[in-house]
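Residue-level listing of the chains:
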Amino acid sequence: MKFARLVEIIFLYSFETDVGWFDFPELALWTAGLSQTRVLALDPALPEHEQEERLRAFLLKGKGHPVVLVGLDPLWRGRTTIDLLLEKFRLDPGLLALVDLYEALQYPQAKYVLIKAQELIYLAATRVAQAHPTEIQDFPVSSRVLVWGDSFAACQAALELAQQDFEVILAAPGNSFGPVLPGAALPETPPPDLIPLLTQVRAQGLIQPLWEASITDLAGGAGNFTVKIETAAGPRAERVGAVILAPEFRLTPNFAGYGLSPQPRLLSQTQLEALLFSEPETDQSHLGVVAFLLGLGGDTCPQSLRRALGSASSLLLRNHQVHLFLGQAQVAAPGLEQALESALEAGLFLYKLGDAPEIVPEDDGIRLGFMDPILLRPVEIQADVVVVEEDYQGAPENRSLSPLVQVGPAPPQFLQGENVHHLAGVTSRQGIFVVGPGHGIMELHGSLAEAKAAALEVRKLLDQGHNRAPKAQATVDRGRCVLCLTCYRLCPHGAITWDNRALIRDLDCQGCGLCASECPNNAIYFRSYSDEQVFAELENLDPRLHPRIIAFMCQNSAWIAYQAALKLEQGVLPLGFTAFKLPCAGKISLDYIMRAFIMGAAGVLVLACHPENCQSHRGNLHAHWRTEHAQALLVEAGVDPRRVLFQTLAANSPQDLLKEIDQWCAQLREMDEAVLK
Ligand code: SF4
Ligand code: SF4
């Protein structure tokens, strides 16, 4: 047993870790007996200066050696040690591996606890001994930012950035300044605290407005985009370091949802607001009895209810009779239930219905007939005006914008859908952010908060005109690349370009590994997760542990669930269960799966994020396809294809993970009792 180079192994050992079956000293002695290792036992409860002294005496001077930190929950218990290693002793983070011994405590017998712990240490040392140091570089970046859109969120983002001395181009398709949110020009609709926002944006010298604009091209990558913009004054090309997209959504009256055609007594919510809140006040005598239809002609959102209640309250104040027909409306938004109660107290008639009322236009009004859910008898109401809710959709220009920026689209016409990994406006592309109404219906305060968060992200990326960051995880071997452009087409983060060979833009690469797994010529090398490391680990699995089950887990979902599962229950996992953390499920290769079988695996499990929740968009799909490919190969070899299983899992589902593994292992046992006994 020999590692590719010397590995320094630190045991976080204290009386707290002396638990149950666990024999720490014996494990440390075994580790010290391995060649190419040095071992230190360190009490993580020691004061920082004492830990520093011991580490200084232990760590070899000169070129940094890889370090394996072993303990129970080392990330938490060893946080002082980790900080010292990384900050005081400048250990390259790529050369540090953690071994959480909770994984070994899974097993009820002392013998297996020890063997499993040995395997965990051995595999971590194998991996880290072959790791490549992180190369940090300075990348020059532009300090200009393009903010696109006509929403309050766009204004907020532009202002935040300008206040931090970034030069901002604020471009929008309209021909005047200011958001076009319905009623924005009307006194009561925009919250009064937004007036100063608009005033400040207008007064900011660092914000350059560009109206009647459209984005026609976007090239380059994070820190250095070139954006072509068509304006009334002609085309222009701008170099910017980041792009924030916040186009306002558009509203369409949902007459069709109720089987209605436009007519004078039917109003959309926006039309009603224009009548109620315009300056100078318009004649409203024709409004008389007003009925609102909400959530009965399709999905609705809290914003629609809030607006309807705002208008209803205003009408009630003016002594109108107001009826609200409410279907599947969401009231789970701050202050909404209270607004509903206030309107009821002011005299609002509320009918919660399962189906839309019968709506019959007549000469002197509109008749609404329905079965009263409380009185259980038919009721008719004669309204002078019926107000219909509106559908919220992304801006029409999003359709052409989405392919240009390689983000989205997401129905209905938004730039980006809901993805737990893309919060705070972050997208799959470094340096491109989609905030507020660019990616969905959201309340104004949420939109503004997101704009501020995106501005902070931009600052991290572009601060001071340069970005100090690690080189990309993926590197192209130019001698092997045949410029087939498979990687360029597949990269979900738009990180690949080419000259006469494929080129990876360091700041854009997010290290998913999809390109490395798909390159037909094996021309892409993945620095922190090389094939050599995976194969070496598979070869070093402990033969005393069986049945051998290998699980490849996406670090963004299943791996998190697995770490939680280890602390939930004991004895659920088979003795030979070994988990491999993948940077993204899309990094799984056919070779990994087949090599696991060659090394004696009884089954291989590939766990990815749920559909629509992959941080790298299609990583989970690629993982699925590769497991299907592996299954086909198993069939050809006369092996039951169910020995490879693909599953999706959420990070917060440790119980589901344990259940899944348990059921599958039972299936494997049925398949081949002889292998699993
Ligand atoms: S997939 Fe491989 S061979 Fe094809 S362009 Fe990319 S690096 Fe070159
Ligand atoms: S590792 Fe992922 S993000 Fe980086 S270049 Fe390859 S496919 Fe793109």
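Residues numbered from 1 in each chain as written. Chains lettered and ligands numbered in written order. Predicted model: local features only at pLDDT ≥ 70, side-chain atom pairs only at ≥ 80, totals over all residues. Heavy atoms only, no water.

## Some remarks on the sheet that holds strand β29 (residues 548-554)
Moving on, step 1. The four strands lie next to each other as β30-β29-β31-β32, forming an open sheet whose pairing is parallel. The outermost strands of the open sheet, each flanked by one partner alone, are β30 (576-582) and β32 (644-648). Strand after strand, the sheet turns through a mean of 20° between neighbouring axes, direction not considered.
Moving on, step 2. In this sheet, β30 lies alongside β29 in parallel orientation, the contact comprising seven bridges. When the sheet's bridge partners are listed, Met553 is paired in β30 with Lys581.
Moving on, step 3. Seen against the sheet, helix α17 (residues 590-598) touches β29, β30, β31 (603-608) and β32 and runs at an angle of roughly 150° to β31. (Pairing = 2+ DSSP bridges. Helix = DSSP H or I, 4+ residues; strand = E, 2+ residues; numbered from the N terminus. Axes fitted to C-alpha atoms, helices over the stretch in contact; angles between N-to-C directions. Contact = heavy atoms within 4.5 Å.)

## Focus: the domain arrangement of the chain
Moving on, step 1. The domain boundaries assigned to the chain delineate domain 1 (1-135), domain 2 (144-249 + 394-466), domain 3 (254-392), domain 4 (471-526) and domain 5 (529-677).
Moving on, step 2. Distance from the C-alpha centre of domain 2 to the C-alpha centre of domain 3: 33 Å. (Domains from an automatic or database assignment.)

## A look at the environment of Asp662
Moving on, step 1. Here Asp662 is to be found in helix α19 (residues 654-671).
Moving on, step 2. Take Asp662: its relative accessible area is 41%, and that puts it in the partly exposed class. (Buried < 20%, exposed > 50% of the residue type's maximum accessible area, 1.4 Å probe, protein only.)

## Describing unusual backbone geometry
Moving on, step 1. Between His546 and Pro547 the backbone carries a cis peptide bond, its omega angle lying at 5°.
Moving on, step 2. Here the phi dihedral of Asp165 falls at roughly 70°; this positive angle occurs in a residue that is not glycine.
Moving on, step 3. Overall, Asp165 belongs to the exposed group, its relative accessible area being 63%.
Moving on, step 4. A positive phi angle is found at Glu212, which is not glycine, with a value near 50°.
Moving on, step 5. For Glu212, the location among the structural elements is in the loop between β8 (207-210) and β9 (214-221).

## A look at the side chain of Thr31
Moving on, step 1. Positionally, Thr31 belongs in helix α1 (residues 24-32).
Moving on, step 2. We classify Thr31 as buried; its relative accessible area is 0%.
Moving on, step 3. Among the polar contacts listed, one links the side chain of Thr31 to the backbone oxygen of Leu27, at a separation of 2.7 Å. (Polar contact = N/O pair within 3.5 Å; in protein donor to acceptor, adjacent residues only side chain to side chain.)

## Thoughts on the pairing of strand β24 (residues 466-470)
Moving on, step 1. A one-sided burial pattern is seen for β24, the buried positions being Asn467 and Ala469 and the unburied ones His466, Arg468 and Pro470.
Moving on, step 2. Sheet topology places strand β5 (residues 136-140) next to β24; five bridges connect them, and they run antiparallel. Note on β24: the bridge partner recorded for Gln137 is Ala469.

## Describing the pairing of strand β7 (residues 167-171)
Moving on, step 1. Taking burial as the measure, the five residues of β7 include four buried ones, the bulk of the element.
Moving on, step 2. Pairing of strand β6 (residues 144-148) with β7, which is carried by five bridges, proceeds in the parallel orientation. Each bridged residue has a counterpart across the sheet, and for Val145 the counterpart in β7 is Val168.
Moving on, step 3. Each parallel crossover has a hand, and for β6 linked through helix α6 (residues 152-163) to β7 it is right-handed. (Right-handed = clockwise from strand over helix to strand, strands pointing away.)

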